Amino acid sequence: MLDIRKYIYGNGLKPGDVMPPEAEISTQLDVSRTVAREALRGLAALRIIEVGNGRRARVAGPSAEALSVIIDHTVHTRQVSVVQIQDARRTIEMRTVGLAALHRSEDDARALLETIDGMMAAAKRSESETVMELDILFHEIIARASGNPLYSIFVDSFRVITRQTWNIGWRARANYENRVENIRCHERIAKAVVEQDVEKAEAAMSEHFDSSFMTLLRAGVK
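Residues numbered from 1 in each chain as written. Predicted model: local features only at pLDDT ≥ 70, side-chain atom pairs only at ≥ 80, totals over all residues. Heavy atoms only, no water.

**Q** Would you explain the side chain of His-139 in this entry?
**A** For His-139, the position within the fold is in helix 7 (residues 128-145). In this structure the side chain of His-139 is engaged in a polar contact, spanning 2.6 Å, whose partner is the side chain of Glu-93. A polar contact of 3.3 Å, which involves the side chain of His-139, links it to the side chain of His-208. Contacts of His-139, omitting those with residues within four sequence positions, involve Arg-89, Glu-93, Val-155, His-186, Met-205 and His-208. (Helix = DSSP H or I, 4+ residues; strand = E, 2+ residues; numbered from the N terminus. Polar contact = N/O pair within 3.5 Å; in protein donor to acceptor, adjacent residues only side chain to side chain. Contact = heavy atoms within 4.5 Å.)

Following this line, the structure appears as structure tokens:
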């Protein structure tokens, strides 16, 4: 796999560029086609290349998939706790929200406010799954608005854990008023980003994570 990566870097290939045929790779690297095929599969699993049915392999763009698998694995095998994941996520998202407040575009601002409206409407209908997906989207919009693609990868990779723990928080906030207050906290974050107020954005994000931590701890999540 290292030799194929060196080929990509040495030839200046970029995301979307087509890789040579498998036979050509095996010849250039002086390995069997079986070895070349397995190496390509390994790189596809790591999302370094994309392999489609009947199509040549292409260099992949940034993706959270590989990191997401690692996070999911470490939690399920109890090498890392959900609380530890949340602690790391808090550190990252405190930075992303500050950068988002500085760099957000008008489209980012509009998307954040539309997401809040969607969460409110879904909460009224008690559609927890819809609220959850919009909650995930909300944080991913902020990460993209930060202007640093690495933050998007980090934040996107957390969605696998969010989907496993989110309903714990929904049930713990047992009535409509409590659930709406959680959305209002998101709204305060959104408005601070829209107003490009870094201090308010970071304070609102800190409040959000404090509330989430306490909700998970009260529910017995460790």
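Alright, that's what it looks like, and here's the rest.
**Q** Explain the nonpolar core to me, please; I cannot follow it from the model alone.
**A** Proteins that are soluble and globular tend to have nonpolar side chains buried together. Formed by 29 residues in total, the largest nonpolar core has its most connected members in Val-97, Leu-112, Val-131, Phe-138, Ile-142, Ile-189 and Val-193. Elements with a minimum of two residues in this core: helix 5 (82-103), helix 6 (106-124), helix 7, helix 9 (159-172), helix 10 (176-194) and helix 11 (198-218). Here this core gets eight residues from one element, more than from any other, and that element is helix 7. By size, the runner-up hydrophobic cluster in this structure holds 14 residues, among which are Ile-92, Val-155, Phe-158 and Val-160. (Core = buried A, V, L, I, M, F, W, Y, C linked by side-chain atoms within 4.5 Å. Buried < 20%, exposed > 50% of the residue type's maximum accessible area, 1.4 Å probe, protein only.)

**Q** Is there a simple way to explain the packing of helix 5 against helix 10 in this structure?
**A** A pair of packed helices can be characterised by two numbers: the angle between their axes and the separation between those axes. Packing of helix 5 against helix 10 brings their axes to within 7 Å, and their N-to-C directions diverge by 40 degrees. Relative to helix 10, the element helix 5 is oriented oblique. Here helix 5 contributes Val-97, Ala-100 and Ala-101 to the contact with helix 10, which in turn contributes Ile-189, Ala-192 and Val-193. Class assignment of the residues belonging to the contact of helix 5 with helix 10 gives a composition of six nonpolar, no polar and no charged. (Axes fitted to C-alpha atoms, helices over the stretch in contact; angles between N-to-C directions. Parallel < 35°, antiparallel > 145°, perpendicular 65-115°, else oblique. Nonpolar A, V, L, I, M, F, W, Y, C, P; charged D, E, K, R; others polar.)

**Q** Please clarify how the environment of Asn-167 should be interpreted in this entry.
**A** Summarising the element assignment, Asn-167 is placed in helix 9. Remark: the alpha-carbon pair of Asn-167 and Arg-78, spanning 89 residues in sequence, is separated by 20 Å. Apart from the residues lying within four places of it in its own chain, the contact partners of Asn-167 are Ser-128 and Glu-129.

**Q** What am I meant to see in the packing of aromatic side chains here?
**A** Any aromatic ring pair is given by two values, namely how distant the centres are and how the planes are angled relative to each other. Scanning all chains against the criterion turns up two aromatic pairs. Ring centres 6.5 Å apart and planes at 65 degrees place the aromatic pair Tyr-151 and Phe-154 in the edge-to-face group. Here Tyr-151 and its partner Phe-154 are both found in helix 8 (residues 149-157), three residues apart, which amounts to about one turn of the helix. Taking the centre distance of 5.4 Å and the plane angle of 25 degrees together, the rings of Trp-166 and Trp-170 count as stacked. In this pair, Trp-166 and Trp-170 are both assigned in helix 9, four residues apart and thus about one turn of the helix distant. For the pair formed by Trp-166 and Trp-170, the shared burial category is buried. (Phe/Tyr/Trp six-rings, centres within 6.5 Å; stacked < 30°, edge-to-face > 60°.)

**Q** What am I meant to see in empty space enclosed by the protein here?
**A** Applying the stated criterion to the full structure yields four cavities of 30 Å³ or more. Taken together, 18 residues line the largest cavity, and the ones lying closest to its centre are Gln-86, Asp-135, Thr-162, Trp-166 and Ser-212. Broken down by secondary-structure element, the contributors of at least two residues to the lining of the largest cavity are helix 5, helix 7, helix 9, helix 10 and helix 11. Residues that form the lining of the largest cavity fall into these classes: five nonpolar, 10 polar and three charged. (1 Å grid on protein atoms, 1.4 Å probe; cavity = no way out; pocket = protein on both sides within 12 Å on 5 of 7 lines; lining within 4 Å. Points joined across faces, edges and corners; volume = space filled by probe spheres on them.)

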